[in-house]
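# Structural overview
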Amino acid sequence: MAIVAHLSLRLRLLLLMLFAVLLPTAGFLLHISADQHRLAEAMGQHKALHLVQSAFAAQNTIFNTAYLLLLNLSRQPLIDKLARSQRCQTALQELLKTEPYYTNIGIASIDGRVLCSALPERHPANIVDRAYLRHTLASGGFRVGRLASKSSINLAVPVFNARDKPRFLLFAALDLSRLNQIIAHIPAPPGSILLLADNKGSVLAHVPDPQSWTGKSIAQTPLMQAILAHRGDGTATISGTDGITRNYSFASLPIGSADSVYIAAGVPETSASPATNRLLLRSGVIFALFALMALATVWVGSDYLIVRRMNAIRRAAGRLADGDISARTGLQHSTDELGAVAHGFDNMAAKLQRDHAQLDAVNIELKRINHALKTLSSGSRALIRAVDEKTLLADMCRLIVDTGGYRMAWVGYIEHDAEKSIRPVAKAGLEDGYLENLNLSWADTSLGQGPGGVAIRSGVPCIVPDILTDTRFAPWRNDALRRGYVANICLPIKVHGVAIGILAIYSEEHEAFTGEEVSLLEELAEDLAFGIETLRTRGRSEKAHETIWRMAYYDPITGLPNHARFENFIEQILLDEDGDHSSFALLMLDIERFHEFNDALGVEHGNTLLREVGGRIRNMLPETEMLARMRGDNFAVLLPQSDISYAIQTAQSIRNSLEKPFSINELLLDVGMNIGIALFPQHGNQADLLLRRADLAVRRARELESGYAVYDPVKDDDSPQRLGLVADLRQAIEGNQLILYYQPKIDMRNGRLCGVEALARWRHPIRGLVPPDQFIPLAEQSGLIRPLTYRVLEIALQQTRAWSESGFRVPISVNLSARNLRDPALVERITNLIDANGVAYELLELEITETAIMTDPNGALDLLTRLNNKGITLAIDDFGTGYSSLSYLKKLPSDSIKIDKSFVIDMLTNKDSAAIVRSTIALAHDLDISVIAEGIECDLAWQQLAALGCDMAQGYHVGRPMPVIEFDQWLRQSCPGEVWNGRKYAN
């Protein structure tokens with residue numbers, strides 16, 4: 001099959017002709033030939049049989065005649081006398097003359113002596129040893145024998161007396177030459193053989209060449225073996241010594257003797273088949289002529305009727321395969337098969353040509369869409385990388401040209417001048433001064449009818465598919481065409497829904513900007529507008545954040561870092577494992593009699609004094625040493641890598657720098673300073689502990705009037721008490737001495753109760769109610785904050801379950817400390833407590849201080865994210881007192897922030913605090929975070945916060961922290977139907 005697959009159509013047709021006609025015809029002729037050969041063979045055997053029959057009849061007559069002659073003679077009464085008379089030889093000679101087939105006739109005694117014969121003998125012969133004589137005497141019948149000395153066959157019969165006993169033998173010698181003459185006259189085909197042989201295989205007669213064959217033995221030849229195998233009668237095909245194959249037929253002569261004589265005739269195979277061969281030869285010639293004519297007819301006819309037409313179809317198909325979609329067969333579309341194929345091919349090629357034209361249009365459109373998609377994708381990456389608006393616009397124009405493959409792109413912003421002009425601000429591509437003389441307007445005037453003005457006014461893209469013919473582009477047509485601009489689209493750039501400018505794109509292709517390409521370019525313009533809006537918002541947010549950060553971490557009066565910044569800085573030093581903080585000193589400074597100065601001079605002059613003192617101390621300290629204003633008249637100094645001697649030296653230098661009087665309101669004031677010194681790590685390893693002990697040292701210096709003092713643990717009256725209090729606190733956590741107070745939160749927009757904060761209280765059996773600002777720091781310092789937090793969570797969740805079962809569902813808030821955030825089992829413990837109490841996850845809110853979060857921002861982010869993923873609400877407490885960046889604030893999964901009460905309380909009298917509150921609310925809302933104001937003490941603060949858009953309120957104006965029983969009473973009185981009635985509560 002693989003070979004046929006490579007043949008041409010014409011050769012395939014010839015093979016089809018060969019297999020369909022010629023091979024069957026040849027097979028038929030071979031079948032006839034076989035039949036003719038079989039017939040010829042049968043004819044040969046028939047001829048041989050005819051020869052045998054003819055020879056058989058002739059020889060049988062001779063032998064029968066001889067037998068009858070001898071038999072008649074043996075029965076003559078005078079035979080006995082004749083044998084003994086002198087006339088015996090004469091009588092036999094006379095008899096021999098009448099019988100030409102005999103060479104001799106005689107009488108022999110039973111002992112084998114020849115008594116008389118027709119031939120004279122010199123010496124009496126004795127034939128007693130002849131086999132035929134013995135057989136004749138034994139059987140009394142006719143026997144045949146051969147005289148070895150003569151070419152004859154001897155026949156003998158016994159002569160019996162009256163008592164049937166043999167007296168004589170009467171014999172006759174049959175002349176073999178006569179036998180050869182007889183069979184030689186039998187007509188036979190050329191090359192045929194006739195022979196007589198006895199049962200010993202001796203040849204008695206043979207035609208042709210009787211002289212060579214007579215008397216010769218053929219006992220071992222295939223012929224004689226076949227005769228004996230068939231017992232004298234049968235046929236056989238045998239190859240002779242002369243190389244000729246003959247069809248033999250043979251038979252035995254019934255001469256009444258046990259010694260059989262066989263006659264055989266062999267006819268050559270070829271003698272019977274000349275006619276057959278001639279017929280086959282003639283048939284072969286005719287077949288060959290027929291085959292040549294058939295093949296020639298197929299060759300010529302297939303070329304005219306099939307091959308030429310198929311070649312036309314093939315050539316057309318090849319041209320089509322090579323991309324020539326105009327290829328056609330050129331054949332008539334007739335109704336025959338090839339005409340139908342040509343018709344189908346031509347129709348297919350025509351459809352392909354039409355489809356190709358459509359596909360070209362689609363490919364052009366897809367190419368444009370692909371360029372637009374690449375531009376959109378690249379634009380998205382440019383938005384992410386953009387750091388400023390100018391760079392963003394330039395990058396976007398460049399990407400439109402380089403990635404999108406457009407001719408030119410530019411961005412223009414609208415101006416609110418008298419002409420309402422459009423000012424180009426960025427460009428890319430083949431511009432070549434095009435924008436320099438471009439006079440565009442977005443006003444509804446003649447210049448404003450261009451695509452840019454229309455796009456700005458309508459707020460939708462304006463497309464000019466052909467600059468050459470579009471009348472809207474007439475004022476700028478010549479300049480555009482010189483630069484290869486063919487089509488144009490102007491897309492409005494809208495920020496907050498208002499068009500601020502346009503994105504103009506020019507193509508060098510006709511009928512550009514269609515279909516999906518326009519949608520993608522619209523999306524690109526929207527992304528560009530979003531990027532502009534984001535960058536502008538980011539700029540405002542960064543400025544606001546910078547303001548908030550400075551307000552939160554720097555003292556507005558002195559400009560120095562405040563207490564939050566100072567404490568946070570110390571904590572960062574302690575957490576910095578790579579930093580060198582083997583030791584440092586902390587100085588706490590307290591101005592003597594400041595309250596007297598403040599009362600006498602007024603707050604404004606008191607603030608001036610604080611600025612003067614801070615400035616003088618700052619000027620005498622190196623840059624590496626940090627000065628901060630804490631609270632009131634307290635300052636603090638951090639001395640990195642300091643020992644006790646350097647700390648004392650610095651304290652003395654500070655006191656010396658203040659010896660010169662300060663001129664305040666034309667008054668010279670002498671200012672004294674008490675300084676307390678605490679060292680790390682000798683006096684503590686935490687910021688709040690070091691500050692507290694430095695403050696104790698200040699008190700000690702004031703008591704001693706020494707000007708400065710170093711913390712002395714022996715003089716720390718709180719230490720034994722503190723140790724006892726730690727033991728009591730541990731017992732209180734384990735012995736259920738802790739109770740919770742609940743302070744409500746109100747939604748300022750609708751007056752509904754929106755949450756409750758759970759605040760821990762310790763009812764000491766001896767001391768009574770211990771304030772939280774005493775035992776909470778104690779718990780953090782002693783490591784009890786973890787069991788304390790879990791106990792508070794357990795009580796709060798139990799109360800939540802009780803409220804939920806009574807139909808009151810409100811979120812409850814619990815505070816977490818910095819140490820809680822470092823607890824690896826925190827998430828698992830909280831979820832186990834929630835599940836154990838059967839409380840919904842959304843009913844628990846966790847409040848974490850800003851400072852606690854920034855202690856380990858990355859760890860806090862991971863933990864709070866896991867808690868938020870559980871469905872737990874998160875709030876940032878004391879916002880504004882820590883040091884959180886906007887990047888972390890955006891990453892944190894917080895739902896709300898709580899403005900520290902110090903800002904809320906001071907906002908009515910301090911413009912800086914008011915600015916912090918206002919900026920915090922605006923920043924949180926920009927980040928989609930709710931704001932809770934704590935510390936609302938009066939209705940005026942409520943009203944101002946509501947005007948600023950604050951979401952929730954908490955404070956004594958709403959409700960003080962209350963035990964559960966009092967809270968339930970407050971709820972019934974102050975929130976009928978869960979709407980707060982604005983009742984005030986006293987401390």
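Residues numbered from 1 in each chain as written. Predicted model: local features only at pLDDT ≥ 70, side-chain atom pairs only at ≥ 80, totals over all residues. Heavy atoms only, no water.

Tallying each qualifying case throughout the model produces one disulfide. Here C462 stays unpaired: no disulfide links it, and the sulfur of C490, its closest cysteine neighbor, is 6.6 Å away. (Disulfide = S-S within 2.5 Å.)

So, on to helix α17 (residues 644-657). Its 14 residues place the ends of α17 20 Å apart at the C-alpha level, agreeing with the 20 Å of an ideal helix rising 1.5 Å per residue. Those residues of α17 lying buried are A647, T650, A651, I654 and S657. For α17, the arc enclosing every buried residue in end-on projection is 125°, short of the 170-degree limit, so these residues lie on one face. Buried positions along α17 lie against β16 (584-591), α16 (603-620), β18 (634-640), β21 (673-680) and β22 (708-710). (Helix = DSSP H or I, 4+ residues; strand = E, 2+ residues; numbered from the N terminus. Expected span 1.5 Å × (residues − 1). Buried < 20%, exposed > 50% of the residue type's maximum accessible area, 1.4 Å probe, protein only. Arc of directions from axis to C-beta. Contact = heavy atoms within 4.5 Å.)

Tracing the chain through its elements places T650 in helix α17. Owing to a relative accessible area of 5%, T650 belongs among the buried residues under this scheme. Sequence-distant contacts of T650, that is, excluding residues within four places in its chain, are made with L587, L621 and L639.

Owing to its 3.6 residues per turn, the α-helix aligns residues three or four sequence positions apart on the same side. All of the buried residues along helix α11 (residues 451-458) are P451, G452, G453, A455 and I456. Tucked into the core, α11 has its buried residues touching β11 (408-414), β12 (422-429), β13 (462-464), β14 (487-495) and β15 (498-507). Just downstream of α11, G459 is the residue with a positive phi angle, here 80°.

Here we come to the sheet that holds β15. Spatially, the five strands line up as an open sheet ordered β12-β11-β15-β14-β13, and their pairing is antiparallel. The open sheet terminates on both sides in strands that have one partner only, identified here as β12 and β13. Adjacent strand axes in the sheet meet at a mean angle of 20°, parallel and antiparallel pairs treated alike. Relative to β15, β14 runs antiparallel, the two being bridged by nine bridges. Bridge pairing in β15 places A487 opposite S507. (Pairing = 2+ DSSP bridges. Axes fitted to C-alpha atoms, helices over the stretch in contact; angles between N-to-C directions.)

Strand order in this open sheet of five strands is β7-β6-β10-β9-β8, and the pairing throughout is antiparallel. Strand pairing shows two members of the sheet lacking a second neighbour, β7 (203-207) and β8 (234-239), which therefore form its edges. On average, adjacent strands in this sheet sit at an angle of 20° to one another, irrespective of strand direction. With six bridges joining them, strand β6 (residues 193-198) and strand β10 (residues 261-268) adopt antiparallel strand pairing. Within β10, the position partnered with I193 by the bridge is G266. Contacting β6, β8, β9 (245-253) and β10, helix α7 (residues 222-229) runs over the sheet at an angle of about 125° to β10.

Turning next to the environment of D466. Within the element layout of this structure, D466 appears in the loop between β13 and α12 (477-482). Accessibility expressed as a relative area gives 16% for D466, which makes it buried. Each C-alpha atom, one on D466 and one on E508, is 9.9 Å from the other, the two residues being 42 residues apart in sequence.

If you look at the biggest cluster of nonpolar residues, it comprises 83 residues, and the most contacted ones within it are L844, L846 and L945. With residues near it in sequence (within four places) discarded, L945 still touches M748, V904, M907, V917, I921, A933, I936 and C950. (Core = buried A, V, L, I, M, F, W, Y, C linked by side-chain atoms within 4.5 Å.)

A few words on the pattern of salt bridges. Side chains that differ in charge, positive against negative, can pair when their charged atoms come close. Per the counting criterion, the structure on display carries 26 salt bridges. Put simply, K97 and E94 hold a salt bridge, and the shortest N to O gap is 3.9 Å. One end of the pair, K97, and the other, E94, are both in helix α3 (residues 88-98), three residues apart, so they sit about a helical turn from each other. According to the relative accessible area criterion, E94 is partly exposed, its value standing at 46%. One continuous salt-bridge network, built from bridges that share partners, spans K745, E757, E845, E847, K898 and E934. (Salt bridge = Lys/Arg side-chain N within 4 Å of Asp/Glu carboxyl O.)

Turning our attention to the confidence of the model for the chain. When pLDDT is averaged along the chain, the result is 81, and 83% of the positions lie at 70 or above. Confidence over residues 139-150 falls short of pLDDT 50; this stretch has 47 contacts with residues more than four positions distant or in other chains. Of the regions scoring below 50 in pLDDT, residues 983-987 engages in 14 contacts with residues more than four places distant in sequence or in other chains. (pLDDT = per-residue confidence, 0-100.)

Another aspect to go through is the environment of M551. Checked against the element boundaries, M551 lands in helix α13 (residues 516-553). When the C-alpha atoms of M551 and S913 are compared, they prove to be 7.9 Å apart, with 362 residues separating the residues in sequence.

With that out of the way, let us pick up the pairing of β21. Here is the key point about a regular strand: its side chains alternate between the two faces of the sheet. For β21, the buried fraction is high: eight of the eight residues fall into the buried class. One ladder, built from eight bridges, connects β16 with β21; its direction is antiparallel. From the neighbouring strand, L587 faces β21, where its bridge partner is I677. Of the strand pairs in this sheet, β21 and β22 are connected by three bridges, and their pairing is parallel. Within β22, the position partnered with G676 by the bridge is A709. Viewed along the sheet, the connection from β21 through helix α18 (residues 687-704) into β22 turns out left-handed. (Right-handed = clockwise from strand over helix to strand, strands pointing away.)

What follows deals with the packing of helix α15 (residues 594-601) against α16. For the pair α15 and α16, interaxial distance at closest approach is 6 Å and the crossing angle is 135°. Our classification of the angle between α15 and α16 gives oblique. Once α15 is placed against α16, the crossing between them reads as right-handed. Only V603, H605, G606, L609 and L610 of α16 make contact with α15, whose side of the interface consists of F594, F597, N598 and L601. (Parallel < 35°, antiparallel > 145°, perpendicular 65-115°, else oblique. Left-handed = near helix turned anticlockwise from the far one by under 90°.)

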